[in-house]
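What follows is each chain in one-letter form.
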Amino acid sequence: MSELIVDQLAVKVGGSQILSGVSLTVPGGEVHAVMGPNGAGKSTLSNAIMGRSGYEVTGGTITMDGQDMLALDTFERAQAGLFYVMQAPTEVPGVSMFDMLTASLSAQGTASTDLAATLSAEAAAIGFDVALLERSLNVDLSGGEKKRSETIQMSVLAPKVAIIDELDSGLDVDGLRTVAQRVEKLTNDGLGVLVITHFPRLLHELNADRVHVLAQGKIVTSGGPELAIELEQTGYGAYVEEETPEPKSGGLDDLFSM
Ligand code: ADP
Ligand code: MG
């Protein structure tokens with residue numbers, strides 16, 4: 001079984017140190033969730049794992065099955081078995097999903113015998129309009145259609161570990177359940193998943209194993225799926241450092257004491 005290990009990862013973006021020591025391990029067949037307040041660096045973590053330009057790793061390691069991911073270009077990480085569903089998936093004008101997957105499978109050395117039939121079946125299974133398969137990849141698709149499109153690609157490419165950034169964004173309740181069930185089935189076949197979400201319901205559908213909270217550039221606490229439910233009630237207040245309070249002088253108290 002595969003294993004993605006992120007150890008003490010530090011990442012700088014646009015001159016700011018966003019991550020300062022993130023450690024987590026995603027074993028094949030398991031679903032690990034990263035939750036945390038807006039701007040905590042969840043997408044930064046995803047981008048850094050996939051090697052997106054502009055995300056400068058300043059410390060730590062990322063390995064999959066002992067292989068150093070940081071030494072590889074993004075396309076090589078994909079060939080090694082990493083898959084990334086971005087929060088806002090990229091549109092690729094002029095390239096259909098069929099063309100993209102034909103090239104990707106060939107680069108992986110795992111050409112499908114009947115890709116067209118596989119794609120139609122995958123599309124039907126998760127309610128993706130088959131007519132959209134002919135069109136340019138993700139172009140002019142709704143948010144939910146893009147997440148379905150990415151899920152089809154994931155199913156066909158059969159990666160070892162998938163990083164899924166906010167699968168829920170754009171999907172309606174039924175769509176989310178259908179897509180989550182497809183991903184959950186992939187985990188039964190050995191896929192490891194690092195999923196970023198704000199919704200405990202998605203973690204329930206995915207049958208999540210672990211929940212990690214990212215704040216102040218680090219994983220500040222981890223637990224089972226019950227942690228996600230607890231957070232929905234309590235918020236992240238307990239894990240977010242308070243801003244330094246403003247000095248009292250010059251406030252209303254001073255006015256009244258004059
Ligand atoms: P999250 O996904 O947890 O909401 P992000 O990882 O998107 O958070 O962002 C973390 C911080 O890094 C934010 O302050 C954001 O503005 C900043 N950031 C993210 N990507 C970039 C970028 N490409 N250029 C500059 N700043 C960025
Ligand atoms: Mg994000």
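This text goes with the structure placed above it.
Read on for a plain summary of the structure. In this text, all values refer to a predicted model and were calculated from it rather than measured experimentally.

Concerning the coordination of the magnesium ion (ligand 2)
- With distances of 2.1 to 2.3 Å, the protein atoms coordinating the magnesium ion (ligand 2) are Ser43 (OG) and Gln87 (OE1). Of this pair, Ser43 sits in helix H1 (residues 42-50) while Gln87 sits in the loop between strand E6 (82-85) and strand E7 (92-96); the two residues are 44 residues apart in sequence, bridging distant segments of the chain.
- By relative accessible area, Ser43 is classed as partly exposed at 22%.
- With a relative accessible area of 36%, Gln87 lands in the partly exposed category.

Things to note about the sheet that holds strand E4 (residues 55-64)
- The four strands lie next to each other as E2-E1-E4-E5, forming an open sheet whose pairing is antiparallel. Looking along the sheet, the strands with just one partner apiece sit at the ends: strand E2 (16-27) and strand E5 (67-68).
- Where E4 meets E5, two bridges bridge the pair, whose relative direction is antiparallel. Considered in E5, the bridge of Met64 is made with Gln67.
- In this fold H1 packs onto strand E1 (3-13), E2 and E4, with an angle of close to 110° to the strand it touches most, E1.

Overview of the site of ligand 1
- Looking at ligand 1, the residues that line it are Val13, Ile18, Pro37, Asn38, Gly39, Ala40, Gly41, Lys42, Ser43, Thr44 and Tyr55.
- Contacts to ligand 1 include Lys42, whose backbone N or O atom sits 2.8 Å from an oxygen atom.
- In this structure, Thr44 approaches ligand 1 through a side-chain N or O atom, which is 2.6 Å from an oxygen atom.
- Within the complex, the protein chains bury 58% of what would otherwise be the 560 Å² of accessible surface of ligand 1.
- Of the residues contributing to the shell around ligand 1, the split by class is five nonpolar, five polar and one charged.

Scoring rules and cut-offs
- Residues numbered from 1 in each chain as written.
- Chains lettered and ligands numbered in written order.
- Predicted model: local features only at pLDDT ≥ 70, side-chain atom pairs only at ≥ 80, totals over all residues.
- Heavy atoms only, no water.
- Donors = N, O, S within 2.8 Å, 3.2 Å for Na, K, Ca; no water.
- Helix = DSSP H or I, 4+ residues; strand = E, 2+ residues; numbered from the N terminus.
- Buried < 20%, exposed > 50% of the residue type's maximum accessible area, 1.4 Å probe, protein only.
- Pairing = 2+ DSSP bridges.
- Contact = heavy atoms within 4.5 Å.
- Axes fitted to C-alpha atoms, helices over the stretch in contact; angles between N-to-C directions.
- Near = heavy atom within 4 Å.
- Polar contact = N/O pair within 3.5 Å; in protein donor to acceptor, adjacent residues only side chain to side chain.
- Areas by Shrake-Rupley, 256 points an atom, 1.4 Å probe, with all protein chains shown as cover.
- Nonpolar A, V, L, I, M, F, W, Y, C, P; charged D, E, K, R; others polar.

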